[in-house]
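Fold and geometry: a report
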2 protein chains.
Amino acid sequence: MANYVPPVEDMIFLLSNVFDFDRQMAALPGFEEVNTDLAASVLEEAGKFAAEVLEPLNRSGDEEGSRLENGEVVTPKGFKEAYKAFSEAGWSGLSGDPDYGGQGLPRTLQILTDEMVSSANLSFGLFPGLTRGATEAIGHHAGEDLKALYLPRMISGEWTGAMALTEASAGTDLGLLTTRAEPQDDGSYRITGTKIFISSGDQDFGGNIVHLVLARLPDAPKGVKGISLFLVPKFLPDADGSLGARNGLSAGALEHKMGIHAQPTCVMNYDGATGWLIGEPHRGLAAMFTMMNAERLFVGIEGLGVGEAAVQKATAYAKERLQGRSLDGSRPLVPIIEHPDVRRMLLTGRVLCDGARALSVWTALQMDIAGRHPDAGVRNAADGFVALMTPVVKAAFTDFGFETAVLSQQVLGGHGYIREWGMEQFVRDARITQIYEGTNGVQAMDLTGRKLPMEDGELAPRFFALVKESLQSAALVPGAEAITTATAQALDRLERSTAHILARAEDPAEAGAAATDYLRLFALTTLGWCWTKMTVAALSAGADAAPAIRRKPALAAFFAARILPQTLALEASILNGPDSLMALTADDF
Amino acid sequence: MANYVPPVEDMIFLLSNVFDFDRQMAALPGFEEVNTDLAASVLEEAGKFAAEVLEPLNRSGDEEGSRLENGEVVTPKGFKEAYKAFSEAGWSGLSGDPDYGGQGLPRTLQILTDEMVSSANLSFGLFPGLTRGATEAIGHHAGEDLKALYLPRMISGEWTGAMALTEASAGTDLGLLTTRAEPQDDGSYRITGTKIFISSGDQDFGGNIVHLVLARLPDAPKGVKGISLFLVPKFLPDADGSLGARNGLSAGALEHKMGIHAQPTCVMNYDGATGWLIGEPHRGLAAMFTMMNAERLFVGIEGLGVGEAAVQKATAYAKERLQGRSLDGSRPLVPIIEHPDVRRMLLTGRVLCDGARALSVWTALQMDIAGRHPDAGVRNAADGFVALMTPVVKAAFTDFGFETAVLSQQVLGGHGYIREWGMEQFVRDARITQIYEGTNGVQAMDLTGRKLPMEDGELAPRFFALVKESLQSAALVPGAEAITTATAQALDRLERSTAHILARAEDPAEAGAAATDYLRLFALTTLGWCWTKMTVAALSAGADAAPAIRRKPALAAFFAARILPQTLALEASILNGPDSLMALTADDF
């Protein structure tokens with residue numbers, strides 16, 4: 001099989017030609033030195049690491065899997081060394097707080113790096129990804145002592161992190177969780193309970209493992225307003241950070257999963273483990289959401305990453321596999337990439353991935369602006385866009401990633417079903433991204449039920465105005481007509497659907513029934529916007545541009561002609577309302 | 001997890017209330033004794049066998065898998081005994097030729113039985129399924145001696161069958177195959193070559209294994225016109241059928257697959273194995289297609305079967321899993337089946353499966369009519385419908401089955417990703433049905449490129465006329481308005497798309513570019529027709545009908561409101577034509 005080729009050229013095109021990265025960074029205090037040249041060198045190195053160190057462990061990691069030996073996790077061959085190399089090269093702290101040893105680079109570069117790591121080895125990527133999420137929750141909500149002790153070691157990658165939320169009876173509905181925290185005289189807490197589905201719950205890389213655990217204090221109110229967040233390390237560290245006694249937590253079992261076999265997803269038992277409160281009592285969910293929002297974007301990028309890797313390999317296969325006659329019948333044996341239906345599959349994956357990458361860059365830029373822009377109004381506006389896009393990126397990118405993996409597997413025919421070829425692993429691995437960090441249905445309800453009403457219902461329209469602005473200027477560009485027109489039509493459908501849902505906000509079934517279709521309609525329209533911007537930028541880059549840039553207008557035309565028509569169906573389905581979903585009683589099912 | 005419940009009530013409803021089974025059978029010589037009562041008792045027994053004997057081996061079979069020991073296949077624990085019980089109960093010969101010991105029952109009952117076996121245990125179902133396919137090819141094309149020796153033992157299930165087509169470099173394009181057949185003085189042939197992806201290539205049930213192998217004679221023309229079909233048994237039988245010497249074929253390896261782990265998919269080596277010609281020299285592909293068409297319908301039914309099993313389990317889970325508040329906020333903890341987005345997933349699976357089952361019954365009835373009706377005109381008309389529906393059933397049912405499995409897995413959230421719950425196995429198992437027996441892309445091209453032009457382009461319109469007839473009479477039925485109107489609109493889209501493709505038959509890119517979208521448009525419209533017929537039948541069955549019948553109009557309303565809108569997008573995509581697919585050169589990808 002072909003090796004993964006990091007799409008750095010495309011990333012640089014997005015930064016420099018599409019999203020005006022240098023000018024954006026120049027406006028952000030602390031990022032004045034960041035520009036496309038710096039980005040290029042970071043991304044080149046990250047891509048090299050992903051392709052040369054992480055990808056070679058992807059198939060073998062899947063076959064070997066992580067396992068539990070005498071209560072301790074053993075990761076697959078090579079993971080330990082790769083993790084060490086990853087940390088030593090500084091990738092763990094790329095966007096980490098410089099006050100605690102991080103490099104303080106923008107989210108924009110973090111998210112592009114995340115994509116390449118996810119393409120190369122999804123199971124591996126969860127280790128630094130969850131560590132970063134835990135780092136952010138501690139950074140935002142923990143006291144100074146905990147920060148000083150934990151953050152430098154987590155940002156360096158020496159210690160890893162894990163999020164311990166889910167219990168057997170408390171998944172989407174965290175209000176049901178029963179893990180208890182009892183205050184001790186020394187200010188610490190004793191944590192007791194069992195959590196399931198804990199990614200990176202244990203590892204054999206050495207160092208400490210910092211669990212962020214949701215639990216209830218003795219006086220906690222019922223439901224989500226009685227949940228507190230605790231830092232529970234595997235080893236109790238001294239004040240100088242050297243590892244002390246083993247804490248009372250252990251991996252009781254590893255989950256047997258469909259995919260991400262190399263990733264040790266643990267059933268975690270906390271048996272009176274010592275922990276420390278992070279943030280206010282009973283306000284743990286808010287603190288955890290700091291981590292979860294970043295994680296949700298990260299999971300969306302995981303979906304994109306797997307999709308990109310899959311479509312690359314399918315494309316390489318389709319160029320080499322000889323089967324069937326040429327369309328005009330003149331050549332008896334041609335590469336299958338000549339067949340229209342194979343092209344349909346490859347192009348679908350390609351336009352979904354390229355479009356999603358563009359949207360990921362824009363969203364990350366909004367995060368950087370929200371975090372640093374000197375103007376509070378600009379910060380707030382960007383923050384609203386991040387809130388709006390978080391469920392879209394998480395759900396749509398993981399759906400697109402899975403769909404791309406399935407289509408790419410299909411390109412290989414029977415070989416796609418055979419493990420050795422690696423395509424079926426992409427399908428199994430991508431599948432988890434649609435489920436964890438809040439299922440995609442939960443994301444869709446977050447979009448229709450919580451994000452649409454924000455800013456008095458003006459958040460989404462504020463984004464639509466931005467899209468219209470782009471479309472108006474693109475309408476004047478020769479060669480961009482098809483994508484501009486199709487996106488404008490999709491936007492009309494999205495606006496009508498938005499108004500329909502907001503007008504019926506008093507009916508709780510409406511937002512729920514529309515949610516999944518609406519999120520996809522929103523995502524496809526937004527990708528249409530990204531394709532419009534890319535087309536305009538590619539056309540002005542001229543005929544000398546790199547092949548990956550020159551092909552953008554043709555890809556946009558495919559997106560317009562063969563993908564955007566889905567928005568017709570989605571609008572019709574949304575406008576048909578919830579009645580047909582709610583007619584049956586539960587017994588009738 | 002809930003056990004599989006065979007949908008026999010729904011099957012009987014389809015036979016008796018929707019498709020007038022008794023009257024249809026009465027018109028077919030040899031089936032005069034067949035009626036709904038007989039069907040009910042056969043299906044009850046088949047369902048019981050599937051649920052009680054086959055389903056309990058499904059998860060364990062997946063975990064254990066088939067393996068190769070000293071060159072011989074060992075199937076998972078219990079498979080041998082289950083296969084013996086299956087054959088002894090007479091299921092192997094249900095629709096088999098009575099001249100060779102079969103029960104001679106209609107395809108209609110065979111296909112419904114196949115669905116239940118596939119729901120319970122897809123890997124198992126391939127053993128009798130492939131045996132039946134091989135039996136049919138032998139029955140149609142082999143000489144009397146071979147038929148007398150092989151058919152009774154295959155129809156009884158004592159011997160099993162396998163189809164050996166694919167080679168490493170010859171998949172979709174069978175013209176590339178290189179396996180050789182050299183004539184011997186005694187009239188037999190020596191077969192030499194290696195085949196891959198051979199389902200049921202070996203087993204440990206005892207008896208013989210009858211391989212139907214495609215190979216080239218020494219004087220064969222190149223390409224598909226130089227392929228002949230050979231019967232190559234694992235053991236060389238005496239004239240009385242007792243097993244003699246081991247023939248020169250062996251399973252060189254088992255494929256490592258994404259799913260159907262219990263099924264021994266073999267790399268088969270034929271090292272000068274003795275075989276006998278079936279049919280004419282160089283006409284093997286035609287003979288094999290007898291088998292492949294029946295197999296394609298069977299594979300479609302496999303997709304339906306897995307989907308049905310998956311949606312049943314997701315529904316049972318959704319009724320029990322408590323998570324989240326009721327829609328009106330009044331109850332703090334409700335079964336997730338109350339949430340609109342969960343209903344969307346379950347209802348989508350339910351309407352796809354019920355609709356597909358209806359179409360499978362209609363298609364099987366056409367096969368029965370094509371095989372037995374005294375009027376040649378009626379036989380030919382039915383045969384045309386079978387030709388038209390074969391790619392639709394194969395591709396759409398397996399797509400629907402996979403989509404249903406994925407949605408059903410999603411209903412379980414994180415638990416859906418864990419092996420113990422069994423949902424992820426449905427996804428892995430269903431995936432192969434979209435690939436084998438001709439990928440779904442190949443099916444779609446068969447529909448647009450070969451089936452549409454049949455009968456001078458009048459085959460599809462002949463079917464559309466039948467649909468219109470149903471819609472006209474349904475339009476008068478109170479309560480059937482929504483599905484009738486939505487189906488009529490879908491049919492308009494399908495007719496326009498059909499005309500568009502036929503009008504551009506001279507452009508080979510057109511039919512290929514439209515194929516996958518067109519097949520789905522065709523399938524959804526046809527399912528709309530089935531839902532219209534079911535609605536009318538259910539409404540006239542009245543309020544006393546069983547719950548599974550009474551809910552049909554509400555399910556049809558969901559299909560109309562939330563599934564049929566897809567036809568809007570499919571038509572738009574088809575009418576946009578092939579240009580955007582063909583614009584890039586292969587290098588540009």
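Not measured: the values here are computed from a predicted model.

A few words on the relation of the copies chain B and chain A. With an RMSD of 0.0 Å, the operation that places chain B on chain A is a rotation of 180 degrees combined with a shift of 0.0 Å along the axis. Overall, the copies show the geometry of a two-fold rotation axis. Rotation axis and chain B: the residue whose C-alpha lies nearest the axis is B:Ala569, separated from it by 2.8 Å. The overlap is high: 98% of the interface residues of chain B also sit at the interface in chain A, so the same surface is used on both sides.

All names here are of chain B. Its identity is not glycine, yet Asp-20 carries a phi of approximately 55 degrees, on the positive side. Along the chain, Asp-20 turns up in the loop between α1 (8-18) and α2 (21-26). Residue Asp-456 is not a glycine yet carries a positive backbone phi of 55 degrees. Within the secondary structure, Asp-456 is located in helix α15 (residues 454-457).

Another aspect to go through is the pattern of salt bridges. Tallied over the entire structure, the rule returns 69 salt bridges over all chains. For B:Arg357, the salt bridge goes to B:Asp10, with nearest N and O atoms at 2.7 Å. One end of the pair, B:Arg357, is in helix α10 (residues 340-372); the other, B:Asp10, is in helix α1, with 347 residues separating them in the sequence. Among the residues examined, B:Arg357 registers a relative accessible area of 1% and is labelled buried. When its relative accessible area of 6% is taken as the criterion, B:Asp10 is described as buried. One network of salt bridges, in which partners are shared, links A:Asp10, A:Glu115, A:Glu308, A:Arg350, A:Asp354, A:Arg357 and A:Lys552.

Residue and element names in this part refer to chain A. Under the domain assignment used here, chain A contains domain 1 (8-154), domain 2 (160-282) and domain 3 (453-581). When each unit is reduced to the centre of its C-alpha atoms, the spacing between domain 1 and domain 3 is 31 Å. Taken together, the contact between domain 1 and domain 3 spans 7 residues of the former and 9 residues of the latter. Across the interface of domain 1 and domain 3, roughly 670 Å² is buried in total on both sides, 76% from carbon and sulfur atoms.

Below, the discussion takes up the pairing of strand β7 (residues 228-233) of chain B. All names here are of chain B. Most of β7 sits out of view: 6 of its 6 residues are buried. Going residue by residue along β7, you find Ser-228, Phe-230 and Val-232 tucked away on one face and Leu-229, Leu-231 and Pro-233 tucked away on the opposite face as well. Looking at chain direction, strand β6 (residues 209-215) and β7 are connected through 6 bridges and run antiparallel. Looking across to β7, one finds that Leu-212 is bridged to Leu-231. Pairing of β7 with strand β11 (residues 266-278), which is carried by 3 bridges, proceeds in the antiparallel orientation. Residue Phe-230 lies in a different strand from β11, and its bridge partner there is Leu-277.

Glancing now at the interface of chain B and chain A. Listed per partner, the contact involves 88 residues of chain B and 86 residues of chain A. Here chain B packs against chain A, burying approximately 7400 Å² in sum over the two surfaces, 62% of which is carbon and sulfur. For the interface between chain B and chain A, the tally reads 2 salt bridges. When grouped by side-chain class, the residues that make up the side of chain B that touches chain A number 43 nonpolar, 25 polar and 20 charged.

All right, on to the UniProt feature "domain: Acetyl-CoA dehydrogenase-like C-terminal" (unreviewed entry) in chain A then. In the numbering used here, UniProt assigns the "domain: Acetyl-CoA dehydrogenase-like C-terminal" (unreviewed entry) feature to residues 463-584 of chain A. Between the first and last C-alpha atoms of residues 463-584 of chain A the distance is 37 Å; the span itself is 81% helix and 0% strand.

This part takes up the packing of aromatic side chains. Residues and elements named next belong to chain B. Enumeration over the complete set of coordinates arrives at 39 aromatic pairs over all chains. If you follow Arg-153 out to its NZ or CZ, it ends over the ring of Trp-159, 5.5 Å from the centre. Across the ring face of Phe-235, the terminal group of Arg-246 is positioned such that the distance to the ring centre comes to 5.8 Å.

Rules and cut-offs
- Residues numbered from 1 in each chain as written.
- Chains lettered and ligands numbered in written order.
- Predicted model: local features only at pLDDT ≥ 70, side-chain atom pairs only at ≥ 80, totals over all residues.
- Heavy atoms only, no water.
- Least-squares fit on C-alpha atoms with pLDDT ≥ 70 in both.
- Contact = heavy atoms within 4.5 Å.
- Helix = DSSP H or I, 4+ residues; strand = E, 2+ residues; numbered from the N terminus.
- Salt bridge = Lys/Arg side-chain N within 4 Å of Asp/Glu carboxyl O.
- Buried < 20%, exposed > 50% of the residue type's maximum accessible area, 1.4 Å probe, protein only.
- Domains from an automatic or database assignment.
- Buried area = accessible area lost by both parts, 1.4 Å probe.
- Pairing = 2+ DSSP bridges.
- Nonpolar A, V, L, I, M, F, W, Y, C, P; charged D, E, K, R; others polar.
- UniProt positions renumbered as here; feature names shortened; annotations may be inferred.
- Phe/Tyr/Trp six-rings, centres within 6.5 Å; stacked < 30°, edge-to-face > 60°.
- Lys NZ or Arg CZ within 6 Å of the ring centre and 35° of its normal.

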